[in-house]
There are 4 protein chains.
Amino acid sequence: MDNNLQTPYELAFDVRDYECDLQGIVNNANYQHYYEHARHQYLLGKKIDFAALHEIGIDLIVSRVEIDYKYSLRSGDQFKVTVRTRREGHLRLIFEQDIYLLPENKLVSHAKVIGVGISKGRPIKLDAIQGVDSLF
Amino acid sequence: MDNNLQTPYELAFDVRDYECDLQGIVNNANYQHYYEHARHQYLLGKKIDFAALHEIGIDLIVSRVEIDYKYSLRSGDQFKVTVRTRREGHLRLIFEQDIYLLPENKLVSHAKVIGVGISKGRPIKLDAIQGVDSLF
Amino acid sequence: MDNNLQTPYELAFDVRDYECDLQGIVNNANYQHYYEHARHQYLLGKKIDFAALHEIGIDLIVSRVEIDYKYSLRSGDQFKVTVRTRREGHLRLIFEQDIYLLPENKLVSHAKVIGVGISKGRPIKLDAIQGVDSLF
Amino acid sequence: MDNNLQTPYELAFDVRDYECDLQGIVNNANYQHYYEHARHQYLLGKKIDFAALHEIGIDLIVSRVEIDYKYSLRSGDQFKVTVRTRREGHLRLIFEQDIYLLPENKLVSHAKVIGVGISKGRPIKLDAIQGVDSLF
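Below, the structure is looked at part by part.

Thresholds, definitions, all that
Residues numbered from 1 in each chain as written. Chains lettered and ligands numbered in written order. Predicted model: local features only at pLDDT ≥ 70, side-chain atom pairs only at ≥ 80, totals over all residues. Heavy atoms only, no water. Least-squares fit on C-alpha atoms with pLDDT ≥ 70 in both. Contact = heavy atoms within 4.5 Å. Buried area = accessible area lost by both parts, 1.4 Å probe. Salt bridge = Lys/Arg side-chain N within 4 Å of Asp/Glu carboxyl O. Polar contact = N/O pair within 3.5 Å; in protein donor to acceptor, adjacent residues only side chain to side chain. Helix = DSSP H or I, 4+ residues; strand = E, 2+ residues; numbered from the N terminus. Nonpolar A, V, L, I, M, F, W, Y, C, P; charged D, E, K, R; others polar. Buried < 20%, exposed > 50% of the residue type's maximum accessible area, 1.4 Å probe, protein only.

Once chain A has been moved 0.0 Å along the axis and rotated by 180°, it coincides with chain C to within an RMSD of 0.0 Å. Between the two chains, the operation in question is that of a two-fold axis. Measuring from the rotation axis to each C-alpha of chain A, the shortest distance belongs to F13(A), at 5.2 Å. Counting the interface residues of chain A, we find that 100% of their copies in chain C are interface residues as well, pointing to one common contact surface.

Pasting the structure below:
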């Protein structure tokens, strides 16, 4: 399947004032929180539970993030975070994510996040993680 | 021992800019982070390890906090957080904590934090938690 | 008006995994974030804009919080935060807030938050803050 | 000057327990907080004050981050964050940063952070920001 044609998962958010810093804009690190929450909700919808996997000894961890900040979110803003997934080799799960200001759908930020599954300190094949095949 | 005569534990901090919100002052919730970090470092010094206790099934949790905000911390400020402890009955560990702006030692905030030990969902006696007797 | 009869404002939330700490439960300080976000959304609905007030030199600040933690929120939980307001004298705005686990409406936490308006470093009467009279 | 020969700025940190998530490791977004705090302290030492610049209408913002996560920080860990700077063209200030676990100096994470100065919504030349020339 051509992943670019995949309709992305979307999750809507409101900016919370405590997420804004002294410049009056959302602090950069909070975008990573937004991206993470959208990924986890997306995975939950696919029956992949980040917290439950941890309980059975499998941790999904992030090995690399690249985030472009194109526009600053501010107090009162509403926005959506999208999630698209693809695999790279046997080990790497790639998330391509965007944040769009609502309602005008202005692009605010883009992220590429690389995830891997870890068990007992070692990477495990994506196929060994129950439910991952449903992502592609 | 008269607890009021106890010399309190002290830990120094710098305000980090991401802790400030759009009013240019440290967000209220971050004071709770400062108080928590000072408590945990204090407990570690007494060989009571919050994370290690969790591993053996005992969680130290906060059942109530009261925080007075008297002055606002800002970007660039240095401050110290103090910790004094006392027990209340068999179950409750009371932390009296202050934050002082440095170097002038101006009182910024006071907190009273009530902690209890929980194991398998139930409160346990303080005496059953290794090292707690060294706090008094 | 008898404030206890006031129907409270309610706002629904999902726990976000990054809000949970190494005990697997939502960190105490994050409850303060939840309470703050619910208050600000409530005030916005009353046309009282925390960020806009800051722009004209009035800061709504918290002078005291009391929070009881009765039950721990966990990954995957949904909950609602309520807001009730009353005044105390000319200067103090009291927020009584609760958090309930959904869908069973189990009480998770209660907070009493005392707010005051500050302008040029001094407390100002609540009546001097546009829109505050609509809260009562 | 060959920037690779520059001795980097270093700042030591302790992991704070609230920074750890339910996997027992520091949440990814908190690394961005560590990197930011080290950058701001470094800049302050060079008399470039992030908060003071905001007051005069100049915001230093991050336009892109790339972060590699090689090892996970845990409760109780001590670590240092380094900062090296270089310029790229007239507008872009590049920070190369590392996190090392202490005392063994094990590499935990690397980040490349691209900063730009913004005034009235537009990028400004680095040379127009007082003190920036002292970075190179």
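Back to the write-up after that little detour.
Next up on the list: the interface of chain A and chain C. On the side of chain C, 16 residues touch chain A, which itself brings 16 residues to the contact. Summing the contributions of chain A and of chain C, the shared interface buries around 1,400 Å²; its carbon and sulfur component is 52%. Across the contact surface, chain A and chain C share 2 salt bridges. R16(C) is the partner of E19(A) in a salt bridge, and the nearest nitrogen-oxygen pair spans 3.5 Å. At the junction of chain A with chain C, the criterion picks out 6 residue pairs in polar contact (both at pLDDT 80 or more). Residue assignment for the side of chain A that touches chain C shows that the elements contributing at least two residues are strand 1 (9–14), helix 1 (28–45) and helix 2 (50–55) of chain A. When residues of the side of chain A that touches chain C are assigned to their parent elements, the largest contribution, 6 residues, is made by helix 1 of chain A. Residue classes in the side of chain A that touches chain C are distributed as 6 nonpolar, 5 polar and 5 charged.

Residues and elements named next belong to chain B. For T82, the location among the structural elements is in strand 3 (residues 78–88). Taking the relative accessible area as the measure of exposure, T82 reaches 4% and is therefore buried. Look past the residues within four positions of T82 in its chain and what remains in contact with it is P8, Y9, E10, E96, Q97, D98 and Y100.

Moving on to the interface of chain A and chain D. Contacts between the two partners involve 23 residues from chain A and, on the opposite side, 23 residues from chain D. Approximately 2,300 Å² of surface area, both sides summed, lies buried where chain A meets chain D, with 45% of it carried by carbon and sulfur atoms. At the junction of chain A with chain D, the criterion picks out 4 salt bridges. The residue E66(A) makes a salt bridge to R64(D) at a minimum N-O spacing of 3.3 Å. Linking chain A with chain D are 18 residue pairs in polar contact (both at pLDDT 80 or more), by the criterion used here. Listed by contribution, the elements that provide at least two residues to the side of chain A that touches chain D are helix 1, helix 2 and strand 2 (58–69) of chain A. A total of 11 residues in the side of chain A that touches chain D trace back to one element, the largest contributor, which is strand 2 of chain A. Across the side of chain A that touches chain D, the residue classes tally to 11 nonpolar, 7 polar and 5 charged.

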